[in-house]
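# Per-entry structural report
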Amino acid sequence: MSALHEPAARSTARVIDGKATASRVLEWVTARASELERAGTRPGIAVVIVGDDPASKVYVASKARAAEACGFHSVTHRLPDQTAQADLLALVMRLNGDPAIHGILVQLPLPGHLDAAAVIGAVSPAKDVDGFHALNAGRLWSGGLSDAFVPCTPAGAMLLVEQVHGRDLSGLEAVVVGRSNIVGKPMAALLLAANATVAVAHSRTRDLRDVCRRADILVAAVGRPGLIGGDWIKPGATVIDIGINRVPAPELGEGRSRLVGDVDYPATLGVAGAVTPVPGGVGPMTIAMLMANTLSSAARTAGMPSSPFVAGADAQRNEGW
Ligand code: GUN
């Protein structure tokens with residue numbers, strides 16, 4: 001066969017290992033936590049879960065395990081599904097005033113009768129390690145990155161972007177698909193702060209595929225399994241898949257399921273320059289950044305000013321990545 005008729009060699013994207021990155025961040029946090037404890041402040045985190053959502057129970061248990069592994073004081077408050085708004089707010093207020101607690105996380109979603117926005121607004125901005133309070137969101141958007149608690153998932157995703165492109169994204173086009181307060185919007189703010197040219201696309205975007213194809217950095221955060229196909233991706237782009245979707249997997253046996261992202265991963269491998277897998281990409285970074293945020297909060301109360309976002313980034317840079 002002449003060279004002309006040989007099939008084009010398919011490149012294989014670099015797979016960004018979020019699990020390894022997260023362990024290094026956690027190692028760094030554990031070492032700093034032990035120094036802080038020797039100086040008299042043991043970082044403390046309180047996680048609140050209301051009701052019996054099975055996925056939330058798994059997440060909360062992982063957060064508590066990670067906190068203990070980092071040497072933190074860790075408390076989990078499990079409240080019944082029918083908890084009244086006033087009782088939940090009273091618990092948040094008590095935690096706001098508890099000097100042993102530096103980070104408060106109320107697991108979302110809350111049961112439908114509860115007002116999540118009011119609960120988020122009741123968490124002290126100084127203990128808001130989720131970065132969901134309007135004050136922290138405002139700091140993030142107005143360039144106060146060194147003061148803001150940044151939501152953990154986009155903060156972790158940003159560290160993975162940094163591994164490929166460094167800290168300065170000047171001249172690069174980034175597209176974030178998804179506009180949630182927890183992921184899409186803060187991710188856009190972080191990319192913008194790093195000098196990328198940013199578009200936020202969503203379910204009402206016209207020609208979504210064409211918008212995605214412009215991206216040097218494509219971030220998917222919509223919760224639709226496999227939405228983003230290989231032909232949505234610019235050759236050589238960096239693809240950050242934040243979706244975590246459980247889908248039936250009859251090939252693994254009856255009733256079995258598996259996790260997939262928002263991106264068609266096998267198709268992406270042949271087109272992208274770098275890609276995060278699901279599981280093992282952004283997922284493990286969320287908990288690592290929650291620990292980094294809690295450490296920073298404790299350091300601040302101990303009079304050792306520490307930027308939560310920079311703490312995570314330092315963990316990465318100090319390791320010489
Ligand atoms: N539910 C899903 N992700 C999160 C998160 O990062 N924080 C909280 N509080 N709830 C969540």
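In this text the structure is predicted, and so the values were computed from the model without any measurement.

### Topic: the side chain of N245
- As for its position among the elements, N245 is in strand β9 (residues 245-248).
- Within the local environment of N245, its side chain forms a polar contact with the backbone oxygen of G261, the two atoms lying 3.1 Å apart.
- Dropping the residues within four chain positions of it, N245 is found in contact with G223, R224, P225, R258, L259, V260, G261 and D262.

### Quick word on helix α3 (residues 85-96)
- The first and last C-alpha atoms of α3 sit 16 Å apart over 12 residues, in line with the 16 Å expected at 1.5 Å per residue.
- Buried within α3 are the following residues: Q85, L88, L91, V92, L95 and N96. The buried residues of α3 occupy an angular sector of 145° when projected down its axis, which confines them to one face. Across α3 from its buried face, at more than 90 degrees, point the exposed residues A86, D87 and R94.
- Looking at the packing, one finds that the buried side of α3 touches β2 (44-50), β3 (73-79), β4 (103-106) and α4 (116-122).

### Looking at the sheet that holds β4
- Spatial strand order, β3-β2-β4: three strands in an open sheet with parallel pairing. Pairing within the sheet leaves two strands with one partner each, and these edge strands are β3 and β4. Within this sheet the neighbouring strands show an average axis-to-axis angle of 15°, counted without direction.
- Across seven bridges, the pairing between β2 and β3 is parallel. Bridge pairing in β3 links I45 to S74.

### Quick notes on the sheet that holds strand β5 (residues 173-177)
- Read from one edge of the open sheet, six strands run β1-β11-β8-β7-β5-β6, paired in parallel fashion. On the outer flanks of this sheet lie β1 (14-15) and β6 (197-201), each paired with one strand and no other.
- Of the strand pairs in this sheet, β5 and strand β7 (residues 217-220) are connected by four bridges, and their pairing is parallel. Note on β7: the bridge partner recorded for A174 is I217.
- Its contacts with the sheet put helix α6 (residues 152-165) on β1, β7, β8 (238-241) and β11 (274-275), and the angle it makes with β8 is roughly 165°.
- Sitting on the sheet, helix α7 (residues 184-193) is in contact with β5, β6 and β7, with an inclination near 170° to β5.

### Remarks on the packing of helix α2 (residues 54-69) against helix α10 (residues 283-301)
- Contact pair α2 / α10: the axes reach a minimum separation of 10 Å and the direction vectors enclose 50°. Relative to α10, the element α2 is oriented oblique. Where α2 crosses over α10, the handedness of that crossing is right-handed. Taken together, the residues of α10 that come into contact with α2 (itself represented by S62, K63, A66 and A67) are I287, L290 and M291.
- Taken together, the residues that form the contact of α2 with α10 break down as five nonpolar, one polar and one charged.

### A few points about the site of the ligand
- Close to the ligand lie L105, V106, Q107, L108, D130 and F132, which account for all nearby residues.
- Separating a nitrogen atom of the ligand from a backbone N or O atom of V106 is a distance of 2.8 Å.
- At 2.6 Å, a side-chain N or O of D130 approaches a nitrogen atom of the ligand.
- Contact with the protein chains hides 81% of the accessible area of the ligand, taken as 280 Å² for the molecule alone.
- Here the shell around the ligand is composed, by residue class, of four nonpolar, one polar and one charged.

Parameters at a glance
- Residues numbered from 1 in each chain as written.
- Predicted model: local features only at pLDDT ≥ 70, side-chain atom pairs only at ≥ 80, totals over all residues.
- Heavy atoms only, no water.
- Helix = DSSP H or I, 4+ residues; strand = E, 2+ residues; numbered from the N terminus.
- Polar contact = N/O pair within 3.5 Å; in protein donor to acceptor, adjacent residues only side chain to side chain.
- Contact = heavy atoms within 4.5 Å.
- Expected span 1.5 Å × (residues − 1).
- Buried < 20%, exposed > 50% of the residue type's maximum accessible area, 1.4 Å probe, protein only.
- Arc of directions from axis to C-beta.
- Pairing = 2+ DSSP bridges.
- Axes fitted to C-alpha atoms, helices over the stretch in contact; angles between N-to-C directions.
- Parallel < 35°, antiparallel > 145°, perpendicular 65-115°, else oblique.
- Left-handed = near helix turned anticlockwise from the far one by under 90°.
- Nonpolar A, V, L, I, M, F, W, Y, C, P; charged D, E, K, R; others polar.
- Near = heavy atom within 4 Å.
- Areas by Shrake-Rupley, 256 points an atom, 1.4 Å probe, with all protein chains shown as cover.

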